[in-house]
Amino acid sequence: MSLIVQKYGGTSVGTIQRIRNVAARAVAAHRAGHRVVVTVSAMAGETNRLVALVEELSGGDYSQREYDVVVATGEQVSIGLLAIAIDSLGVPARSYQGWQVRLVTDSVHAKARILDVEAANILADLDAGRIVVVAGFQGVDEHGAVTTLGRGGSDTSAVAIAAGLKADFCDIYTDVDGVYTTDPRVVPKARKLDRISYDEMLEMASLGAKVLQTRSVELAKKYKVPVRVLSSLEEGTGTLLTEEDDDMEQVVVSAIAFNRDEAKITVLGVPDKPGIAALIFGTLADANINVDMILQNVSVSSGETDLTFTVPKGDFRQAMEVLKGPVASIGARDLVGDPDIAKVSVVGVGMRSHSGVAQRMFKALSAEGINIRMISTSEIKISVVIDEKYMELAVRALHAAFELDKDAGDRVGK
Ligand code: ADP
Ligand code: ASP
Ligand code: MG
């Protein structure tokens with residue numbers, strides 16, 4: 001008898017029929033003798049609708065605490081409906097919201113981090129023979145305020161619950177049948193991966209492959225949770241997240257990720273002296289804005305530098321606002337922003353031991369006439385920032401250049 005945490009995303013619970021389908025899957029696992037905890041997202045489109053209500057009311061200037069109160073409601077509906085559907089199949093079910101479990105988080109509203117999963121309620125229900133349905137995406141902070149975990153956060157709820165309960169599997173059911181070499185909606189020739197290392201999946205998620213929220217992969221890696229990504233609509237073996245092994249190192253590039261959700265900001269004509277970067281990035285950190293890529297060009301002749309960096313598109317407006325003061329105080333020439341960019345990345349643990357990946361990547365992009373605006377690298381990825389309008393073209397060109405539509409063993413450059 002295993003303890004299984006199943007997570008179903010918004011599309012998988014998007015209609016009453018699909019909720020019945022999820023209930024049937026949970027009940028089948030229960031009848032097969034497993035202890036089953038199900039985590040669900042809000043019904044498809046619901047969280048977007050709730051976010052839009054907040055935006056419409058406030059014009060973007062709102063309390064993050066109350067934003068969480070509103071957007072967390074989508075999951076309350078789906079857990080209640082699912083528990084009713086499971087009950088109707090003859091298995092007792094009980095639903096819990098994040099604050100009822102309790103799934104304790106910090107107080108950074110709209111992107112809270114889970115600190116603790118109090119498992120007692122869940123375990124007592126499992127012992128009583130029930131299926132437990134837990135709202136994804138939500139938690140509660142030490143003051144009792146409702147928090148949410150950032151968009152896509154139900155994945156993280158599921159993995160945290162699986163880690164907390166020491167589950168045998170955390171099965172993430174979604175609208176694709178596994179993790180692919182790139183988003184199959186952009187490149188139809190993309191191939192499903194049977195396995196992927198935690199590190200590669202971590203890079204892919206943080207570089208924009210929204211199939212799993214980044215934080216969920218961090219937790220899975222830290223607590224060694226065996227996560228499987230599967231389709232909620234068809235049977236299959238999906239993709240297993242595992243520790244890295246030697247076979248994986250043979251493949252230079254495993255996948256391509258892309259992200260439209262960043263914006264570029266440049267501080268022009270910055271005096272080249274100590275303390276400036278600390279001021280700029282300190283200001284952004286104080287506003288809880290994460291900076292991703294950073295590029296600084298020092299001009300030898302003028303003694304000035306241009307400082308370019310990217311921030312999440314959702315934080316762009318606020319970043320431009322909070323930087324106005326510091327930029328003026330250091331005597332920089334101008335502050336300019338560009339939200340119409342995209343980041344495209346190639347990922348693979350094999351890059352540690354193979355060279356020439358950057359050259360192959362840049363060649364493929366230049367063959368399509370795509371200009372690279374920023375570059376950043378780490379041990380297992382290379383990312384470029386390009387104009388957003390070329391993003392899909394770039395992804396397809398790179399997928400072909402690294403022969404990702406072929407079986408790994410058949411690739412010329414491996
Ligand atoms: P859910 O609502 O189930 O959480 P998401 O929409 O958050 O589902 O994530 C699934 C989507 O992730 C897929 O529909 C697919 O378009 C996208 N995706 C992006 N990159 C990949 C990839 N490499 N492999 C599979 N899916 C991907
Ligand atoms: N419902 C939330 C969202 O749309 C959480 C999730 O889907 O994982 O972001
Ligand atoms: Mg998701």
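Keep in mind that this is a model prediction, so the values were computed, not measured.

Q: What's the story with the overall build of the protein chain in this structure? I'm lost.
A: Within the protein chain, the secondary structure is distributed over 14 helices and 20 strands. Against the 2.2 N^0.38 benchmark of 22 Å for 414 residues, the protein chain shows a C-alpha radius of gyration of 23 Å, consistent with a compact globule. Principal-axis analysis of the C-alpha atoms gives the protein chain an extent of 75 × 55 × 30 Å. Counting all 414 residues of the protein chain, 50% fall into the buried class. In the protein chain, of all internal contacts separated by at least 6 residues, the share reaching a separation of at least 24 is 74%. Surface exposure of the protein chain reaches about 18300 Å², of which carbon and sulfur atoms provide 50%.

Q: In this structure, what is going on with the site of ligand 1? I would like to understand it.
A: Near ligand 1 there are 17 residues, and of these Thr174, Asp175, Tyr180, Asp183 and Arg185 occur at the shortest range. Lysine 7 is positioned such that a nitrogen or oxygen atom in its side chain is 3.0 Å from an oxygen atom of ligand 1. In this structure, an oxygen atom belonging to ligand 1 sits 2.8 Å away from a side-chain N or O atom of aspartate 175. Protein burial of ligand 1: of its 570 Å² of free accessible surface, 90% is covered by the chains. Of the residues belonging to the shell around ligand 1, the class tally is 7 nonpolar, 5 polar and 5 charged.

Q: Hey, could you run me through the pattern of salt bridges in this one?
A: A side chain of one charge can pair with a side chain of the opposite charge when the charged atoms of the two come close. Enumeration over the complete set of coordinates arrives at 31 salt bridges. Salt-bridge contacts for glutamate 321 lead to lysine 324; the nearest nitrogen and oxygen are separated by 3.5 Å. Linking glutamate 321 with lysine 324, this pair stays in helix H12 (residues 316-329), spanning 3 residues, or about one helical turn. Connected via shared salt-bridge partners are Asp199, Lys221, Glu244, Arg352 and Glu379.

Q: Quick question: what am I supposed to make of the packing of helix H2 (residues 46-58) against helix H3 (residues 64-71) here?
A: To characterise two packed helices, one gives the angle between the axes of the helices and the distance between these axes. Orientation of H2 relative to H3, taken along the N-to-C sense of each, is 145°, at an axis distance of 9 Å. Crossing geometry of H2 relative to H3 is assigned as right-handed. For the pair formed by H2 and H3, the contact residues are Thr47, Leu50, Val51 and Val54 on the first element and Tyr67, Val70 and Val71 on the second. Taken together, the residues of the contact of H2 with H3 break down into 6 nonpolar, 1 polar and no charged.

Q: Please clarify how the UniProt feature "domain: ACT" (unreviewed entry) in the protein chain should be interpreted in this entry.
A: Residues given the UniProt feature "domain: ACT" (unreviewed entry) here are residues 265-344 and 346-414. Helix makes up 31% of residues 265-344 and strand makes up 38%, while its end C-alpha atoms are separated by 18 Å.

Criteria and cut-off values
- Counting starts from 1 at the beginning of each chain's written sequence and moves along it residue by residue.
- By the order in which they are written, chains take letters starting at A while ligands take numbers starting at 1.
- With pLDDT at 70 or above as the cut-off, local features in this predicted model cover only qualifying residues; side-chain atom pairs require 80 or more to be listed or tallied, and sums for whole chains, interfaces and linings still use all residues.
- The side-chain numbers reported here are obtained from all heavy atoms of the structure, hydrogens and water having been left aside.
- Strands are runs of DSSP state E lasting at least 2 residues, helices are runs of H or I lasting at least 4, and numbering of each runs from the N terminus.
- The atom set for the radius of gyration is the C-alpha atoms, and the globule formula is 2.2 Å times the number of residues raised to the power 0.38.
- Exposure classes here rest on a 1.4 Å probe applied to the protein chains alone. A residue is buried below 20% of its type maximum, exposed above 50%, and partly exposed in between.
- Any two residues having at least one pair of non-hydrogen atoms within 4.5 Å are treated as being in contact.
- What sets the accessible areas is the Shrake-Rupley method with a 1.4 Å probe; for residues, cover comes only from the shown protein chains.
- Any residue with at least one heavy atom within 4 Å of a molecule or strand is counted as near it.
- In the analysis that follows, any N or O atom pair within 3.5 Å is treated as a polar contact, provided that within protein one partner can donate a hydrogen and the other can accept it, and provided that, for residues neighboring in sequence, both atoms belong to side chains.
- When residue character is reported, Ala, Val, Leu, Ile, Met, Phe, Trp, Tyr, Cys and Pro are called nonpolar, Asp, Glu, Lys and Arg charged, and the others, Gly included, polar.
- Within this document, salt bridges are pairs made up of a side-chain nitrogen of Lys or Arg and a carboxyl oxygen of Asp or Glu, the two lying within 4 Å of each other.
- Axis angles are defined between N-to-C directions and span 0 to 180 degrees, where every axis is a line fitted to C-alpha atoms and, for a helix, only to the segment in contact.
- Crossing handedness is read from the near helix: turned anticlockwise from the far helix by less than a right angle, it gives a left-handed crossing, and turned clockwise, a right-handed one.
- UniProt positions are given in the numbering used here, feature names are shortened, and annotations may be inferred rather than shown by experiment.

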